[in-house]
Amino acid sequence: MTTNLFDDPRITAIGLFSEAYSGLTNRFAGQFEEHGLSTVEHEVLMRLARSPGHQLRMTDLAAQTSLSTSGVTRVVDRMERTGLLCRSACPTDRRSSFAVITEAGLERLNEALPGHLALIEEFITGLLSPEQLDGLLGALRVIRDAANPGATVGTTDTSKSGE
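Notes on the structure follow.

Procedures and definitions
Residues numbered from 1 in each chain as written. Predicted model: local features only at pLDDT ≥ 70, side-chain atom pairs only at ≥ 80, totals over all residues. Heavy atoms only, no water. Phe/Tyr/Trp six-rings, centres within 6.5 Å; stacked < 30°, edge-to-face > 60°. Helix = DSSP H or I, 4+ residues; strand = E, 2+ residues; numbered from the N terminus. Buried < 20%, exposed > 50% of the residue type's maximum accessible area, 1.4 Å probe, protein only. Pairing = 2+ DSSP bridges. Axes fitted to C-alpha atoms, helices over the stretch in contact; angles between N-to-C directions.

**Notes on the packing of aromatic side chains**
Here a ring pair, both rings aromatic, is described through the centre-centre distance and the interplanar angle of the planes. Going through the model one piece at a time under the given rule, you end up with one aromatic pair. Ring geometry for Phe-28 and Phe-32: centres 6.2 Å apart, planes at 40°, overall tilted. A residue pair is termed a helical-turn pair when its members lie 3 or 4 positions apart in one helix, as Phe-28 and Phe-32 do in helix α1 (residues 9-33) at four residues. Accessibility classification places Phe-28 together with Phe-32 in one group, the buried group.

Written out as structure tokens, the structure reads:
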């Protein structure tokens, strides 16, 4: 008897993950746009706001996001022009610089956050029991750490960073 590889639970797992991610990304994008932010700009602001000193080295920011190093540079350039963040020299390495969220960036993020949290509640946390949510968070950390081991670089609490 031949096994049908299309029915493999691994295919189902990645399919469900992709469908959930795509659906959530589309819902979040519309809400971010209401506040003049792209999805990637929101991600950058959130990473910086949740980091020690509201800053990350540019290379660490690239590792924590879906962007390449040159992609981070382009996004940071654009966001710096709009006043949402600024660059700061790294005191220990002249070749590095930090991306730092500005007060205007924090304000924009704070404006967008209530709607974002409402969507998270509606489509994720509100659908799961506390036990299911704990299990999901644990599983996502395992997957994240295997697929993107640099995702927590530059943070102080590596068990919960990058969320």
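**Here we look at the sheet that holds strand β1 (residues 55-57)**
With respect to topology, three strands assemble into an open sheet ordered β1-β3-β2, the strand pairing being antiparallel. Either end of the sheet is taken by a strand with one partner, and the two such strands are β1 and β2 (85-89). Between one strand and the next, the sheet's axes are offset by a mean angle of 30°, whatever the strand orientation. Bridging between β1 and strand β3 (residues 97-101) involves three bridges; their strand directions are antiparallel. Of the residues in β3, the one forming a bridge with Gln-55 is Val-100.

**A few points about unusual backbone geometry**
In this model, His-54 sits at a positive phi of 55°, which is unusual for a non-glycine residue. Tracing the chain through its elements places His-54 in the loop between α2 (39-49) and β1.

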